[in-house]
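Here is what each chain is made of, one letter per residue.
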Amino acid sequence: MLLRVEDLHKRYGKEEVLRGVSFSLEKGETKVIIGPSGTGKSTLLRCINRLTEPDRGRVFLEDVEITSPRVNINKIRAQIGFVFQDFNLFTHLTALDNVRLGLMRVKGLSKKEATERAMRELARVGLADKAKAYPAELSGGQQQRVSIARALAMDPKLILFDEPTSALDPELIGEVLSVMVELAQSGMTMLVVTHEMGFARSVADEIIFMEKGVIVEQGPPEQLFKSPKHPRTVEFLRRITELYGGEK
Amino acid sequence: MNLVFRWAWLPRLAQGLALTLELTGLSMALGAAFGIVLALVRVYAKGPLMPLYGLASAYVHFFRGTPLLVQLMALYYGLPTLGVAMSPFTASLLALTLNTAAYQAEYFRGAIQSVKSGQMLAARALGLTRLQAIRYVVLPQALRLVIPPWSNELVYMMKGSAVVYLVGVLELMGQAKNIAAREFRNFEVYIVVALFYLALVFLFTVILRFVENRTRIPGLGVPGRP
């Protein structure tokens with residue numbers, strides 16, 4: 001078991017965003033979390049690497065309890081990639097320096113080693129020729145690919161994707177998804193929050209449907225998309241289909 | 001009217017100019033260092049560091065809320081009553097530094113808070129510590145954003161430093177006052193001194209504009225310029 005989440009709770013003021021979420025992830029698995037907006041999907045991801053502190057519940061990475069106050073969370077975060085909806089590339093750094101920063105300052109690699117590694121990851125997402133470009137000089141799709149390279153360079157045990165294509169123009173979504181598909185096929189462990197049902201269907205080992213802070217239903221894509229059990233899942237899938245069209 | 005200018009004034013005025021530059025340069029640099037610390041405390045202090053937040057805020061409010069001249073007088077004439085005596089230059093440098101630090105703290109705070117919160121999040125997600133994230137991600141961006149208000153503060157302090165002639169520091173204003181009193185050429189001397197100040201402001205503006213352009217992040221538009 002690579003990741004185990006036990007009974008996570010998170011409350012913002014009066015609103016309880018997570019109301020007891022539990023699931024687990026095996027090494028090499030890709031799980032996709034779907035559900036209406038405002039149901040705590042992003043909060044869940046951020047609680048997993050404690051960018052947001054959960055109020056209650058536990059998270060284990062392999063055998064280490066991440067949520068223990070004794071753990072050095074910076075060491076843990078270096079092992080968990082995070083890809084944001086709006087990329088969050090460091091605006092004052094080139095693509096290369098974005099990827100190099102963690103390698104040099106967190107992993108302590110020399111500049112030479114970090115450069116080699118960073119260039120390899122940029123090449124992997126097809127952007128070796130943009131190494132010297134600043135984020136503002138790149139398209140949204142390119143920025144997101146750089147941010148995936150930045151996460152990959154750290155040799156993470158898993159990568160969390162928080163709606164990685166939601167801020168992209170439609171014609172740029174494909175390039176990011178194809179990088180993610182390759183990653184999943186190469187055996188990377190991934191937890192993806194997305195509305196891209198085509199991606200979910202073709203890549204996910206399991207779909208998790210969340211609503212109002214709880215997991216309503218989970219299962220293999222075949223089963224969850226074709227014969228959802230819970231009426232809330234049926235309703236959500238019907239609305240998504242209306243919005244994005246049928247089979248993709 | 002018969003205006004008289006004398007070359008003989010220039011060496012004294014040049015000495016005064018050098019002292020004005022020294023006072024301005026030192027107080028701005030020390031004020032920047034102190035101001036950045038104050039700003040970081042005001043933005044990031046939490047938990048056990050909260051008392052520091054209170055101290056920093058009180059400091060900023062006090063030194064922004066009282067006239068520079070009062071601060072200078074209190075330091076130079078007031079402190080000796082408590083047994084702390086300083087030379088006019090030291091008292092002046094201290095007053096200017098303490099004063100500009102409070103203003104610069106506010107400019108730095110504004111700049112730090114203008115850096116998008118996602119930048120800090122992404123840095124922490126990589127495993128950088130809070131201090132590393134500030135050092136490598138937030139500050140480099142904030143320092144770029146602070147250049148325009150900081151230029152203002154520099155110009156303001158350079159002119160404001162003229163008040164220290166009141167405790168007997170012979171910077172540009174002090175020298176001018178002496179020459180004018182000795183030669184009864186108030187109008188001419190002060191015109192020359194005004195031109196000195198004007199030239200300095202121009203020089204500083206050009207230098208900082210250059211720095212701003214050199215550090216501009218490629219691809220980001222210039223506000224107000226299409």
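Keep in mind that this is a model prediction, so the values were computed, not measured.

The rules behind the values
Residues numbered from 1 in each chain as written. Chains lettered and ligands numbered in written order. Predicted model: local features only at pLDDT ≥ 70, side-chain atom pairs only at ≥ 80, totals over all residues. Heavy atoms only, no water. Pairing = 2+ DSSP bridges. Helix = DSSP H or I, 4+ residues; strand = E, 2+ residues; numbered from the N terminus. Contact = heavy atoms within 4.5 Å. Salt bridge = Lys/Arg side-chain N within 4 Å of Asp/Glu carboxyl O. Phe/Tyr/Trp six-rings, centres within 6.5 Å; stacked < 30°, edge-to-face > 60°. Buried < 20%, exposed > 50% of the residue type's maximum accessible area, 1.4 Å probe, protein only. Lys NZ or Arg CZ within 6 Å of the ring centre and 35° of its normal. Axes fitted to C-alpha atoms, helices over the stretch in contact; angles between N-to-C directions. Parallel < 35°, antiparallel > 145°, perpendicular 65-115°, else oblique. Left-handed = near helix turned anticlockwise from the far one by under 90°. Nonpolar A, V, L, I, M, F, W, Y, C, P; charged D, E, K, R; others polar. 1 Å grid on protein atoms, 1.4 Å probe; cavity = no way out; pocket = protein on both sides within 12 Å on 5 of 7 lines; lining within 4 Å. Points joined across faces, edges and corners; volume = space filled by probe spheres on them. Expected span 1.5 Å × (residues − 1).

J.: For this particular structure, what's the right way to read the sheet that holds strand S2 (residues 15-25) of chain A?
T.: Across a sheet, strands are paired by hydrogen bonds formed along the backbone, either parallel or antiparallel in direction. Read from one edge to the other, the open sheet built from 4 strands follows the order S2-S1-S4-S5 (chain A), with strand pairing classed as antiparallel. Taken across any chain shown, the strands that pair with only one partner, and hence form the sheet edges, are S2 and strand S5 (64-65) of chain A.

J.: What should I look at first to understand the interface of chain B and chain A in this one?
T.: Where the parts come together, the accessible area they lose is often given as the size of the interface. On the chain A side, the residues contacting the 21 residues of chain B number 23 residues. There are 0 salt bridges connecting chain B and chain A. For the side of chain B that touches chain A, the secondary structure elements donating two or more residues are helix H5 (117-126) and helix H6 (130-145) of chain B. Ranked by residues supplied to the side of chain B that touches chain A, first place goes to H5 of chain B with 8 residues.

J.: Got a minute to help me understand the packing of aromatic side chains in this structure?
T.: The description of two aromatic rings rests on the distance between their centres and on the angle between their planes. On inspection of all chains with the given rule, the structure shows 7 aromatic pairs over all chains. Aromatic side chains Phe82 of chain A and Phe84 of chain A sit 4.6 Å apart centroid to centroid with 40° between the ring planes, which places their arrangement in the tilted category. Both residues of the pair, Phe82 of chain A and Phe84 of chain A, belong to the buried class. Of the aromatic side chains, those joined through ring pairs into one cluster are Phe34, Tyr59, Phe62 and Phe63 of chain B. Between Arg4 of chain A and the ring centre of Phe60 of chain A, over which it is positioned, the NZ or CZ distance is 4.3 Å.

J.: It is not clear to me how the environment of Leu61 of chain A should be interpreted in this structure. Could you clarify?
T.: Residue and element names in this part refer to chain A. Turning to its location among the elements, Leu61 is positioned in strand S4 (residues 56-61). The sequence separation of Leu61 and Ile80 amounts to 19 residues, and the corresponding C-alpha distance is 9.2 Å. Excluding anything up to four places from it in sequence, Leu61 contacts Leu2, Ile66, Ile76, Gln79, Ile80, Lys157 and Leu158.

J.: Teacher, can you tell me more about the packing of helix H3 (residues 68-78) of chain B against helix H4 (residues 88-114) of chain B here?
T.: Each pair of packed helices gets described by two things: the angle between the helix axes and the distance between those axes. Residues and elements named next belong to chain B. As a packed pair, H3 and H4 sit with axes 9 Å apart at the nearest point and diverge in direction by 140°. Between H3 and H4, the interaxial angle falls into the category oblique. Handedness of the H3/H4 crossing: right-handed. In this structure, H3 contributes Leu68, Gln71, Leu72, Leu75 and Tyr76 to the contact, and H4 contributes Pro88, Ala91, Ser92, Leu94, Ala95, Leu96, Leu98 and Asn99. When the residues that make up the contact of H3 with H4 are grouped by side-chain class, the tally is 10 nonpolar, 3 polar and no charged.

J.: Honestly, the environment of Gly20 of chain A in this entry has me stumped. Any pointers?
T.: Residues and elements named next belong to chain A. Inspection of the secondary structure puts Gly20 in strand S2. A residue is classified by how much of its surface remains accessible, and Gly20, at 24% relative accessible area, is partly exposed. Put simply, Gly20 and His9 are 11 residues apart on the chain and 5.1 Å apart in space, counted from C-alpha to C-alpha. With residues near it in sequence (within four places) discarded, Gly20 still touches Asp7, Leu8, His9 and Gly213.

J.: Would you take a moment to explain empty space enclosed by the protein for this structure?
T.: Rolled over the atoms, a probe as big as a water molecule pinpoints where empty space is left. Under the defined criterion, the tally for this structure stands at 1 cavity of 30 Å³ or more. In this structure, the largest cavity encloses a volume near 70 Å³. Together, Arg77, Ala78, Ile80, Gly81, Phe82, Phe84, Arg150, Ala151 and Met154 of chain A together with Ala122, Ala125 and Leu126 of chain B line the largest cavity. Looking at the lining of the largest cavity, the elements that each hand over two or more residues are strand S6 (80-83) and helix H5 (140-153) of chain A together with H5 of chain B.

J.: Just to check I follow, could you spell out the packing of helix H2 (residues 50-65) of chain B against H4 of chain B for this structure?
T.: All names here are of chain B. Interhelical geometry of H2 versus H4 gives an angle of 115° and a closest axis separation of 8 Å. Crossing handedness for the pair H2 and H4: left-handed. Together, Tyr59, Val60, Phe63 and Arg64 of H2 and Leu98, Asn99, Ala101, Ala102, Tyr103, Ala105 and Glu106 of H4 make up the contact between the two elements.

J.: Sorry, what's going on with the environment of Phe199 of chain A here?
T.: All names here are of chain A. Relative to the helices and strands, Phe199 resides in helix H7 (residues 197-203). Along the sequence, Phe199 and Arg11 sit 188 residues apart, while their C-alpha atoms lie 31 Å from each other. Apart from the residues lying within four places of it in its own chain, the contact partners of Phe199 are Val32, Leu177, Met180, Val181, Met190, Val192, Thr194 and Ala204.

J.: For this particular structure, what's the right way to read the sheet that holds strand S7 (residues 158-162) of chain A?
T.: All names here are of chain A. Here 6 strands make up an open sheet; going across it, the order is S6-S7-S8-S3-S9-S10 and the pairing mixed. Looking at which strands have only one partner, the edges of the open sheet turn out to be S6 and strand S10 (214-219). Across the sheet, the mean angle from the axis of one strand to that of its neighbour is 20°, orientation sign disregarded. Relative to the sheet, helix H1 (residues 41-48) contacts strand S3 (30-34), S6, S7, strand S8 (190-193) and strand S9 (206-211), its axis offset from that of S7 by approximately 150°. The strands touched by helix H6 (residues 170-185) are S3, S7 and S8; relative to S8, the strand with the most contacts, the crossing angle is about 150°.

J.: Is there a simple way to think about the pattern of salt bridges in this case?
T.: Should the charged atoms of two oppositely charged side chains come close, the side chains can pair. Residue and element names in this part refer to chain A. Overall, the coordinates contain 24 salt bridges over all chains when judged by the stated rule. The partner of Arg58 in a salt bridge is Glu65, with the nearest N and O atoms 3.8 Å apart. The partner of Glu175 in a salt bridge is Arg145, with the nearest N and O atoms 2.4 Å apart. Of this pair, Glu175 sits in helix H6 while Arg145 sits in helix H5, and the two are 30 residues apart along the sequence. Residue Glu175 is classed as partly exposed on the basis of its relative accessible area, which comes to 23%. On the accessibility criterion, Arg145 (12% relative accessible area) is buried. Several salt bridges converge on common partners, so that one network encompasses Arg4, Glu6, Arg58 and Glu65.

J.: How should I be thinking about helix H9 (residues 186-214) of chain B in this particular structure?
T.: For an α-helix, 3.6 residues make a turn, and residues three or four places apart therefore share a direction. Taking 1.5 Å of rise per residue, the 29 residues of H9 of chain B would be expected to cover 42 Å, and the 42 Å separating its terminal C-alpha atoms lies within 8% of that figure. Check the buried side of H9 of chain B and you find it contacts helix H1 (10-44), helix H7 (147-160) and helix H8 (172-183) of chain B.

J.: Explain the layout of surface pockets to me, please; I cannot follow it from the model alone.
T.: Roughly 320 Å³ of volume is contained in the second largest pocket. The wall of the second largest pocket is formed by Arg50, Leu51, Glu53, Ile73 and Arg77 of chain A together with Tyr44, Lys46, Ser117, Met120, Leu121, Arg124 and Arg130 of chain B. Mapped by element, the contributors of at least two residues to the lining of the second largest pocket are helix H2 (73-77) of chain A together with H5 of chain B. Per element, the largest residue contribution to the lining of the second largest pocket is 4 residues, and it comes from H5 of chain B. Residue composition of the lining of the second largest pocket, grouped by class: 5 nonpolar, 1 polar and 6 charged.

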